[in-house]
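Report on the structure
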Amino acid sequence: MTSMDVFLQQAINGLSLGSMYALLALGFTLVYGIMELINFSHFNVFMVGSMIAMLTLEALGVVGQETVMTGLPLAAVLIVAFAVVMLTCGALGVGIERFLLRPLRNVKGPAAMITTIGISYVLFNVVLITLGSDAKNFPNPLPPIKFEIGGAVLRLREILIWAIAIILMGGLTYFVQFTKLGKAMRATAQDPEAARMMGVKVDRVVMMAFFVSSALAGACGLIFGLYYNLAKVDIGFAAGLRAFTAAVLGGIGNVPGAMLGGVLIGLIESSAGQIVGTAWTDVVIFGLLVLVLVFRPAGLLGRLAPNKS
Amino acid sequence: MLAQAVTFMSKPLEGISPTRRRALGLALLAIALLVMPIVNNNDGDIDTAANAMSYGILALGLNIVVGFAGLLDLGYAAFFAIGAYYYGIFTAFQVMPLWSEYWAPFAYIGLVEKFNQGGPDLVHFTLSFWLALPTAAVVSAGCGIAFGAPTLRLRGDYLAIVTLGFGEIVPIVARNVDSVTNGAAGLNGVQGPSLFGYHFGVASTPYYYVGLALLALLIFVSIRLRDSRIGRAWMAIREDETAASAMGIDLVRFKLLAFAIGAGFAGVAGVFFVAKLQTATPEMFNFSVSSMLLVMVVLGGMGSVWGVVLGAVLLQLMQTWLLPQVTEFAHAIGDLVGSAYLQGLDLVQWTQLFFGLILIFMMLFRREGLIPAVKKIPALSFEAQTANVTRGGFLNLANIPRWDPGTGNALEIRGVTVKFGGLVALNGIDITVPAGGVVAVIGPNGSGKSTLFNVITGLVHSDGGSIKYNGRELLGLKPHDILKLGVARTFQNIRLFSNLTVLENVMIGRHARLRSNPVSAVLHTPGNVTEERGARHAVDNIIAMFGNRLTPRLRQTVSGLSYANRRRVEIARALASRPGILLLDEPTAGMNPAETLELADQIKSLHELGLTILIIEHKLDVVTKLASNVIVLDHGEKIAEGTPDHVRRDEHVLTAYLGRAARAAVQETVDAV
């Protein structure tokens, strides 16, 4: 492989990772934008999503890497799997908000954030106890089609990931910009009090934010499995922190910012892995997070979250 | 039944004062802990207890950061690792440079020894455990400062995620710098301590006593810090950063101090833990340790010294005793009813699930923890609440030293401009406050009055101009430096430290006039004791000025006070800093006419004592009563200035307040008459 091929290959890898981080980062950004809350449970809602996706695909008859599907059956299986995982994760997010976070909404201090840490722990350990800590063979029905571009390889799964990520992000942008609920969401992010007085049902908006972000996390869990062919109980932490970094890098509360940040973090991760070795990738990412927060806390595209103080 | 039994058993204790009862309880606890290893000579139990002590130390350290200063640190275990690896590396057979004569002096004082295993002579570090304890505290504290300096400026929730990242990085470094740490396999042959020739080895009992001594020492340090100027500053930062810095607390400095001292505790715990285990691996310090410590602090009560120790003990008991016991019980029942699920159940693996549940349940149902840091004070008696309040100006002024206003101008504001984006909040304002005078600032809402106070006290940046207090330029100074120079303020929307008592709030006002550092605060040096006594005396005198309004409520948390009393506490807090000029932002807002009159009289008393005052006020009768000079702001411009009577008739002022049409109507009425 020439260095150009290596570059191209890492760009392909980076874009795929970046699509996933962007989907996760959107969840952080939506919730933070509205409630100024770092939602640590998001880390493991994503992981639970990946487990649900695995079980759904298995229930649909896809076994490990052996079942290969094409055409309509493939599309049907994928659509059903996405629908199931997004709805269940969305419901999980709504449940978390309604029963565990709403009672704390007006409590000052870190109580809500500490609760999300607790929720994250519970989700992690419930999966650990019921499904075990080993890496699971994630069922993957995609045919092994690949294109060679010079020395670099572009697989079907990468194209699929990009396509799904673009569809979901486009849908979210439409939702936030043009629907009534999306507008209510943006208004609440600016000033919950004023929004409430203008007739916005803030409880519904917050619930919707949790539903959308958790559904995206679920979709991301499915994509993650299709990309790596594995599901594991500890994938939430590393991916979650990268996604959070992405949200901050793009400007927290800022929807396009989260997408840009996600893609950038993906590219940075793949090139850092190439340059300094994968063992140090985490250090590079966290170092970047600290640098962004210290020198440009508003992120690249500017922070849109309200500044309550 | 139980209640009766408790009442019966506590009968003999009734004659003993609560302080002595506490001392008695502590003594009994100490004796029980001291004889525990002798009575129960089970090595496993003693080892568990020793581990509980190291977690207790860690919880105490994290409590300083999270509980006292309110900085949510999710990567605290990193400092634990730093202390552990510091000791481990300097005693294990891992880092061994070639021997040369330069090492001889170190060998002489016992820090290194010559080591030969065939091949060339090597250096083996032999850092003493006893020397490592204090130096590890210093090293960890240094790392805390190095890490905290850039990040502690961040908002609280960002700090949480940055510390989380830091807590992840340290084990990664430990795992990947094989040559120094031996990577994932961990350091081998870390030396245990020895004392007067006695080697601790692997028996648990000596570690138990060392751990107990360290824990007792650090409980003592925590309590002394909490009850000092340092602890009050931390709690003020936790409650309200803006108000804390306006009351003279250097935010960066005190946050760093909390971070450093917390890290120091973790360094000590790291040395102890590694010496006991005689190895150090990266897994001993990952996120699950940080979060377990957080669970301990949350369970026991954030900010509560005894609470977090209890939290550490309870979690240790849960892991090593309760869960295995319940598991065995479940197995027995499983055998009995033939349930394969119960037979195979291992609840010890559920430990972290319970951690998560504890966090959630504590946050939802008992946020203050098992032993709350804030003691519930019974409400005042009916008599005390309905006692005849004293009205009129300030009372008991004999104990308040008079101000010497000096001559000339106390405050000179020249051409100050403040812009928020496109909005000009203040445009080239000139204001002069003569020494010993009272100047009032009035103006419609949004005219820039509070911005004026914020720019004087350093809370907002100015875009030009100059503010001189007694000839010193204030612009560019930090809020705490401005207070130190003698400019104190109150806030329009009362900013008290709501979970602290009246006494604590006013004592925090004294902060800038006190000097105690952590060392003198812990040791109670004569200087520190005199200073604290003097501060308390001064604060009592200030509170006594309000007659019987605040004195009976000294130990009540301010969140439970009436609105007017909270206003009074805020004024008392500002006066406690012994300011040269007092800035009052709408002090009578929301008060009824009687209270307003009382407060106006009190401000007049302050003026008669020689204090210089700048006051924002809407009620014109108050302004007329107090001020010699009135400044009127509108849309960020000064539109009039003069005596209250002059300003009252000024055309611009009437227009600004009433609008053009109404103004004309008023004029017509006046003309008609």
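Residues numbered from 1 in each chain as written. Chains lettered and ligands numbered in written order. Predicted model: local features only at pLDDT ≥ 70, side-chain atom pairs only at ≥ 80, totals over all residues. Heavy atoms only, no water.

This brings us to the overall build of chain B. Counting its secondary structure elements, chain B contains 28 helices and 14 strands. Its C-alpha atoms give chain B principal-axis dimensions of roughly 110 × 75 × 55 Å. Expressed as a percentage of its 673 residues, the buried residues of chain B come to 50%. Once local pairs closer than 6 in sequence are excluded, the contacts in chain B between residues at least 24 apart make up 73%. Within the structure as shown, chain B displays about 29,500 Å² of accessible surface, and the carbon and sulfur contribution to it stands at 61%. On chain B, the mean spot of the 52 positive side-chain charges and the mean spot of the 49 negative ones are 7 Å from each other. (Helix = DSSP H or I, 4+ residues; strand = E, 2+ residues; numbered from the N terminus. Buried < 20%, exposed > 50% of the residue type's maximum accessible area, 1.4 Å probe, protein only. Contact = heavy atoms within 4.5 Å. Areas by Shrake-Rupley, 256 points an atom, 1.4 Å probe, with all protein chains shown as cover. Lys, Arg positive; Asp, Glu negative; His and termini not counted. Charge placed at Lys NZ, Arg CZ, Asp CG, Glu CD.)

Across its 21 residues, helix α4 (residues 111–131) of chain A extends 30 Å between first and last C-alpha, which sits within 8% of the 30 Å expected from 1.5 Å per residue. Within α4(A), 15 of the 21 residues are buried, which leaves the element mostly enclosed by the surrounding structure. (Expected span 1.5 Å × (residues − 1).)

Our focus in this paragraph is the sheet that holds strand β11 (residues 581–585) of chain B. Hydrogen bonds along the backbone pair up the strands of a sheet, which may run parallel or antiparallel. Residues and elements named next belong to chain B. Overall, mixed pairing links the six strands, which are arranged β10-β11-β12-β7-β13-β14 in an open sheet. Both outer strands of the open sheet, β10 (487–489) and β14 (637–642), are each paired with one neighbouring strand and no more. Shown here is a sheet whose adjacent strand axes are inclined to one another by a mean of 20°, direction ignored. Along the sheet, helix α23 (residues 563–576) makes contact with β10 and β11, crossing β11 at roughly 160°. (Pairing = 2+ DSSP bridges. Axes fitted to C-alpha atoms, helices over the stretch in contact; angles between N-to-C directions.)

For the rest of this paragraph, the subject is the sheet that holds strand β9 (residues 472–473) of chain B. All names here are of chain B. Here four strands make up an open sheet; going across it, the order is β6-β5-β8-β9 and the pairing antiparallel. Each edge of the sheet is formed by a strand with only one pairing partner; in this case those strands are β6 (423–434) and β9. Alignment of strand β5 (residues 409–420) against β6, held across eight bridges, turns out to be antiparallel. Of the residues in β6, the one forming a bridge with valine 418 is leucine 426. Packing of helix α18 (residues 449–456) onto the sheet brings it into contact with β5, β6 and β8 (466–469), and relative to β5 it is tilted by some 110°.

Taken together, the contact pairs 41 residues of chain A with 38 residues of chain B. Our count for the contact surface shared by chain A and chain B stands at zero salt bridges. Applying the counting criterion to the chain A and chain B interface returns two residue pairs in polar contact (both at pLDDT 80 or more). It is α4(A) that contributes the most residues to the side of chain A that touches chain B, twelve residues altogether. Here the residues of the side of chain A that touches chain B sort into 31 nonpolar, five polar and five charged. (Salt bridge = Lys/Arg side-chain N within 4 Å of Asp/Glu carboxyl O. Polar contact = N/O pair within 3.5 Å; in protein donor to acceptor, adjacent residues only side chain to side chain. Nonpolar A, V, L, I, M, F, W, Y, C, P; charged D, E, K, R; others polar.)

Moving on to the pattern of salt bridges. Using the criterion set out here, one finds 25 salt bridges over all chains in the structure. Notably, a salt bridge pairs A:Asp234 with A:Lys232, separated by 3.1 Å at the nearest N-O pair. Among the ionic pairs, B:Glu598 bridges to B:Arg568, the shortest N-O distance being 3.6 Å. Of this pair, B:Glu598 sits in helix α24 (residues 593–608) while B:Arg568 sits in helix α23, placing them 30 residues apart in sequence. Residues B:Glu598 and B:Arg568 agree in their burial class; the two are buried.

On inspection of all chains with the given rule, the structure shows 31 aromatic pairs over all chains. Aromatic pair B:Phe147 and B:Phe259: ring centres 6.1 Å apart, planes at 25°, arrangement stacked. Note that B:Phe147 is positioned in helix α6 (residues 129–151) and B:Phe259 in helix α12 (residues 251–277), a separation of 112 residues in sequence. Of the two residues, B:Phe147 and B:Phe259, neither departs from the other in class, the shared state being buried. Through a chain of ring-to-ring contacts, the aromatic side chains of A:Phe28, A:Phe40, A:Phe43, A:Tyr121, A:Phe237, A:Phe244 and B:Phe287 assemble into a single cluster. Directly above the aromatic system of B:Phe491 lies the positively charged group of B:Arg489, at a separation of 4.2 Å from the ring centroid. (Phe/Tyr/Trp six-rings, centres within 6.5 Å; stacked < 30°, edge-to-face > 60°. Lys NZ or Arg CZ within 6 Å of the ring centre and 35° of its normal.)

This part is about the pairing of β14(B). All names here are of chain B. Both strand β13 (residues 629–634) and β14 contribute to a ladder of five bridges, which runs antiparallel. Each bridged residue has a counterpart across the sheet, and for aspartate 634 the counterpart in β14 is glutamate 637. The antiparallel hairpin formed by β13 and β14 contains two residues in its connecting segment, where histidine 635 sits at a positive phi of about 45°.

Let us look at the side chain of B:Thr351. Mapped onto the elements, B:Thr351 comes out in helix α16 (residues 351–365). If near-sequence neighbours (up to four positions away) are discounted, B:Thr351 is found in contact with B:Met318, B:Gln319 and B:Leu323.

Turning our attention to the packing of helix α10 (residues 229–239) of chain B against α12(B). All names here are of chain B. One way to put it is that α10 packs onto α12 with a least axis distance of 10 Å and a crossing angle of 110°. Here α10 is positioned roughly perpendicular relative to α12, judged by the angle of their axes. The segment α10 lies against α12, with Arg229, Ile230, Ala233, Trp234 and Ile237 engaging Leu251, Phe254, Lys255, Leu257, Ala258 and Ile261. Residues that form the contact of α10 with α12 fall into these classes: nine nonpolar, no polar and two charged. (Parallel < 35°, antiparallel > 145°, perpendicular 65-115°, else oblique.)

On to the domain arrangement of chain B, then. Residues and elements named next belong to chain B. When its domains are assigned, chain B resolves into domain 1 (40–91 + 127–365) and domain 2 (397–496 + 578–672). Computed over C-alpha atoms, the centres of domain 1 and domain 2 are 50 Å apart. On the side of domain 2, six residues touch domain 1, which itself brings nine residues to the contact. Carbon and sulfur atoms make up 64% of the surface buried where domain 1 meets domain 2, a total of about 800 Å² over both sides. At the boundary of domain 1 and domain 2, one finds one salt bridge. Residue arginine 495 pairs with aspartate 240 through a salt bridge whose shortest N-O separation is 2.9 Å. In this structure, the connection of domain 1 to domain 2 is made through two residue pairs in polar contact (both at pLDDT 80 or more). (Domains from an automatic or database assignment. Buried area = accessible area lost by both parts, 1.4 Å probe.)

Our next topic: the packing of helix α2 (residues 18–39) of chain B against helix α9 (residues 205–226) of chain B. Residue and element names in this part refer to chain B. The interhelical angle for the contact between α2 and α9, taken along N-to-C directions, is 175°, at an axis separation of 11 Å. Overall, the two elements α2 and α9 adopt an arrangement that is roughly antiparallel. When α2 is examined against α9, the residues Leu33, Leu34, Met36, Pro37 and Ile38 are found in contact with a partner set consisting of Thr205, Tyr208, Tyr209 and Leu212. Here the residues of the contact of α2 with α9 are counted per class, giving eight nonpolar, one polar and no charged.

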